[in-house]
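Spelled out, the chains give:
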Amino acid sequence: MSNKTMREAINEALRQEMQRDPSVIIIGEDVVGGRGGTSGAEEASGGAFGVHAGLIQEFGRERVIDTPITESAIMGAAGGAALSGLRPVAELMFVDFMGVCFDQIYNQIAKFRYMFGGRAKTPVTIRTTIGAGFGAGPQHSQSLYSMFTAVPGLKCVLPSNPYDAKGLLAQAIRDDDPVVVFEHKMMYTDEGEVPDEPYLIPFGEANFTRRGEDVTIVAFSRMVNLANQVADKMAKTGISVEVIDPRTTSPLDEDSILDSVEKTGRLVVVDESNPYCSMASEIASLAVCEAFDYLRAPVVKVTAPHTPIPATPALEQAYIPSASQIETAVNTVLDFDSPSAATG
Amino acid sequence: MTNNPKLHIPQPAARPGEVPDFSYLDLSDAGAVFRPPTNARAAEIENLALEMVRVLDDDHVAQGPWNPDLDKDTLLEALRLMVLTRVYDDRMQRVQRQGKITFYMQALGEEAVSIGQGLAFEPGDMLFPAYRNQGLYIMRETGLVEMMCQCLSNSRDMCKGRQMPIFYQNKKKNLFTISGNLATQYPQAVGWAMGSAIKGEDHIAASWVGDGSTAEADFHYALTFAAVYNAPVVLNVINNQWAISTFQGFAGGERRPFAARGLGLGIPGIRVDGNDLLAVYATTRWAADRARQGGGPTLIELVTYRGGAHSTSDDPTRYRPKDEWEAFPLGDPVNRLKQHLIKLGHWSDEQQTKLEEELRNTVNEAWKEAVSFGTLTEPPFLDVELMFEDVFAEMPEHLKLQRNKLLDLRGEKS
Ligand SMILES: Cc1ncc(C[n+]2csc(CCOP(=O)(O)OP(=O)(O)O)c2C)c(N)n1
Ligand SMILES: [Mg+2]
């Protein structure tokens, strides 16, 4: 066990999976990020976010494969290579670029197993980045995971800390279904305790990052940190907040969320995405459809507004859901006088 | 023993610490390439895509049939615009380093592309620039202060704080906004050109991508569309040898020049010395005339070199020799035009020094004015309300509600 950044944790998962299984390859734009090769030159930066540092030296250019700038071919080729028996980890710098390769993912990779009558497996892992906070504007900052969650056949992973990032990525690579891993680009330098040895975190198991009795917050990715902060702050005033990080949106650990809502009766969902057809809406609908009797207040969703993401920091900060918005939301569900409570 | 297929992973000719090697670059002599009439049949001029149109020779003298015979004033204006682009870039690069703007991208070494091509189009022609085409915005008089305010995202930002630095737009001057997603403007330019033809106008469109971006599907889709509809469009590839850390071989440059990408579709290609302003102007003018006369699309490859880092987030010393630009056989476009003007007796080193100083002052003055409209840290700041505007033609109710809620929370009026 030692302290590692999210970037290091992801790097370690990739390295260990590549050591364990020679069929694991990395493919994407600028994934080498400079000089490399089997001779062991040290200059390679390891890609746009430095996540592949050192991998080219250890595994060579045939397993860490720089590509032409053509996302559609990266995804299509990853699908084809997976059908040939490899386990490709395909990287896309920004989830925003998925637009130019979405067909290969949602019409192809996600459906091969189904279309082949169950005889094909497509163990592709797609790693990409999400999130605002870099001043990168409307086309480099989005959090488009709900779109992928909607596609049958795709699994979707959203790590919120280095420990989860490593265990979930290893699971993604070993998984026989295609998995999209959404890494928040503001979190690569976040630190946490991470075991040195390989380990797996199963999909569909939520993590309770805070235990509480009064309010449930379900949050995703970087929003988990904000929710934790709010929970810690409110704990000092005697309010007990439970924070749930589902970690995977598909499969989704519905039971954990429902158990918590049945206990607290109050739900806040925090999601950096735009609000329409979002995970926030999905979780709210889950609670309303499956735990209506237990709800003591309307569900409150804390999301980005229904606008593109402005680049300038002043506007961008206003766009991203904030701790104070979450706190207000928690107070709103706490202060709500349910009609039944009033009459009863 | 069978002969199994082996994966070819392209390798650049030289890596950091090694001697730069441009032996892969096929050059033609200045003046050596034939200049066909603008209505020549595509099949008869395929060699233009494989050779290299050059006008300025090693002694800075204009040679051959592609010499556009530009007058003295035009040449001096081209030089001024190229130097201005370079000085502007230099200043903006430095203010980024000082933390005054969040991001910047230089066009160092590629100035002849935007200036030479920009001069060859008519003001009514619609240009769809790539992010290293700031020269197009400069030569179409977007205004340095306006451009700086965009980079600062301040109260006078033409994009209202929504776009990253350098993602300019200039609707009035027929300049499309920069897009963060590569090659997406190619089909849009083709569509604009089709629109012009449908309306019976003689305006044409042009777009630019880098060598790396030619791998994008949109590049190929756009060529197909342009060929099918004979769209009046000039499509350009700026081959500056690098796409971030991958060299042009990763885009398929090892096999055939990028200019040849359209040959299979019957689109003529021209490979041109991108650091030779005269050749850049002449070939672009040829393609623009051809398009305007109903001759359809042309694909131009401008061979140049990315003199600086990919962006302020990149460190090229990790992947290419430090002195690679100095060894680039097509030299420095600014210096080449300057030497040509000196040769013609129109210019001198002293005048060049004076010009550079003047333009540095111009840029410095513009910067002072730009920061008076606010910076990242000093007011006036942009209104948060701006985030909600222009999402739709009319702001729908739900957005108004979201806006008011956010403003309330921030303790601002709504
Ligand atoms: C669709 C898409 N994929 C990837 C990127 C990331 N990206 C930005 S610039 C760049 C390199 C482009 O190189 P090139 O086309 O040669 O242009 P140059 O930077 O050399 O001018 C890449 C990969 C992007 N912006 N959009
Ligand atoms: Mg390039």
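Positions within a chain are numbered from 1, following the residues in the order the chain's sequence is written. A letter from A marks each chain and a number from 1 marks each ligand, given out in the order of writing. A pLDDT threshold of at least 70 governs which residues receive local features in this predicted model, and a stricter bar of 80 or more applies before side-chain atom pairs are shown or counted, although totals over entire chains, interfaces and linings include all residues.

1. Section: helix α8 (residues 222-235) of chain A
All names here are of chain A. Cut-off, in case you're wondering: To qualify as a helix, a DSSP run of H or I must reach at least 4 residues; to qualify as a strand, a run of E must reach at least 2; elements of each kind are numbered from the N terminus. What a helix is expected to span follows from its residue count: subtract one and scale by 1.5 Å. Three exposure classes are used, all based on how many other C-beta atoms lie within 10 Å of a residue's own C-beta (placed from the backbone): buried at 20 or more, exposed at 12 or fewer, and partly exposed between those limits. Contact criterion: two residues are in contact if their C-beta atoms, reconstructed from the backbone, are within 7 Å.
The terminal C-alpha atoms of α8, which comprises 14 residues, lie 20 Å apart, in line with the 20 Å expected from a rise of 1.5 Å per residue. Judged by how many residues are buried, α8 sits mostly within the fold: 10 of 14 residues are covered. Within α8, the full set of buried residues consists of Arg222, Met223, Val224, Asn225, Leu226, Ala227, Asn228, Val230, Ala231 and Met234. Tucked into the core, α8 has its buried residues touching β7 (179-184), β9 (207-210), β10 (215-219), β11 (241-245), β13 (267-271) and α12 (323-335).

2. Notes on the domain arrangement of chain A
For an interface, size is often stated in terms of accessible area lost upon the parts coming together. All names here are of chain A. We apply this condition: The domain limits used here are those given by an automatic or database domain assignment. Residue type decides the class: Asp, Glu, Lys and Arg count as charged, Ala, Val, Leu, Ile, Met, Phe, Trp, Tyr, Cys and Pro as nonpolar, and the leftover types, Gly among them, as polar.
Partitioning chain A into structural domains gives domain 1 (2-194) and domain 2 (207-336). Between the C-alpha centres of domain 1 and domain 2 the distance comes to 27 Å. Tallying the contact residues gives 27 residues for domain 1 and 26 residues for domain 2. Looking at the side of domain 1 that touches domain 2, the elements that each hand over two or more residues are α6 (145-149), β6 (155-157), α7 (162-174) and β7. The class makeup of the residues in the side of domain 1 that touches domain 2 is 14 nonpolar, 11 polar and 2 charged.

3. Things to note about the site of ligand 1
Residues and elements named next belong to chain B. As a reminder, the rule being used: Here, nearness is defined through the C-beta atom: a residue counts as near a molecule or strand if that backbone-placed atom lies within 6 Å of it.
Close contacts around ligand 1 come from 22 residues, with Leu182, Gly210, Gly212, Ser213 and Ala243 the closest. Looking at the shell around ligand 1, the elements that each hand over two or more residues are β2 (205-210) and β4 (242-243). A class-by-class count of the residues in the shell around ligand 1 yields 10 nonpolar, 7 polar and 5 charged.

4. Side note on the interface of chain B and chain A
Taken together, the 42 residues of chain B in the interface contact 36 residues of chain A. A per-element tally of the side of chain B that touches chain A places helix α12 (residues 397-409) of chain B first, with 5 residues. Residues that form the side of chain B that touches chain A fall into these classes: 24 nonpolar, 14 polar and 4 charged.

5. With respect to the domain arrangement of chain B
The domains assigned to chain B are domain 1 (42-382) and domain 2 (384-414). Taken over C-alpha atoms, the centre of domain 1 of chain B sits 38 Å from the centre of domain 2 of chain B.

6. With respect to the packing of helix α9 (residues 254-264) of chain A against helix α10 (residues 279-290) of chain A
Residue and element names in this part refer to chain A. Which entries qualify depends on this criterion: Throughout, an axis means a line fitted to C-alpha atoms (over the contacting stretch in the case of helices), and angles, computed between N-to-C directions, take values from 0 to 180 degrees. Each crossing gets its hand from how the near helix is turned against the far one by less than a right angle, where anticlockwise is left-handed and clockwise is right-handed.
The geometry of α9 relative to α10 is characterised by a closest axis approach of 10 Å and an angle of 65° between their N-to-C directions. Crossing of α9 against α10: the hand is right-handed. Here Glu254, Ile257, Leu258 and Val261 of α9 come into contact with α10, specifically with Ile283, Leu286, Ala287 and Glu290. Here the residues of the contact of α9 with α10 are counted per class, giving 6 nonpolar, no polar and 2 charged.

7. Remarks on the sheet that holds strand β4 (residues 87-92) of chain A
Residues and elements named next belong to chain A. Just so we agree on the cut-off: Think of it this way: DSSP has to see at least two bridges between two strands before they count as a pair.
Across the sheet, which stays open at both edges, the 7 strands sit in the order β3-β2-β4-β5-β7-β6-β12 with mixed pairing between neighbours. Either end of the sheet is taken by a strand with one partner, and the two such strands are β3 (64-66) and β12 (248-250). Sheet twist, expressed as the mean angle between neighbouring strand axes with direction ignored, is 20°. Here 4 bridges tie β4 to strand β5 (residues 125-130), and the two strands are oriented parallel to one another.

8. Details of the environment of alanine 297 of chain A
In this fold, alanine 297 of chain A is placed in the loop between α10 and β14 (300-303). When the C-alpha atoms of alanine 297 of chain A and glycine 117 of chain A are compared, they prove to be 45 Å apart, with 180 residues separating the residues in sequence.

9. Remarks on the sheet that holds strand β1 (residues 126-128) of chain B
Strand-to-strand pairing in sheets goes through backbone hydrogen bonds, with the strands running parallel or antiparallel. Residue and element names in this part refer to chain B. Pairing in this open sheet of 5 strands is parallel, and the strands run β1-β2-β3-β7-β6 from one edge to the other. This sheet does not close on itself; its edge strands, each paired only once, are β1 and β6 (269-273). Averaged over all adjacent pairs, the angle separating strand axes in this sheet is 20°, with direction ignored. Two elements, β1 and β2, share 3 bridges in a ladder whose sense is parallel. When the bridges of β2 are listed, phenylalanine 128 appears paired with serine 207. Running at roughly 170° to strand β7 (residues 298-303), helix α8 (residues 277-292) makes contact with β3 (233-239), β6 and β7 of the sheet.

10. Topic: helix α3 (residues 111-120) of chain B
Residues and elements named next belong to chain B. Here α3 lies mainly inside the structure; 9 of its 10 residues are buried. Residues of α3 that are buried include every one of Glu111, Ala112, Val113, Ser114, Ile115, Gly116, Gln117, Gly118 and Ala120, and no others. In this fold, the buried residues of α3 make contact with α2 (72-97), α4 (134-139), β3, α8, β7 and α10 (333-343).

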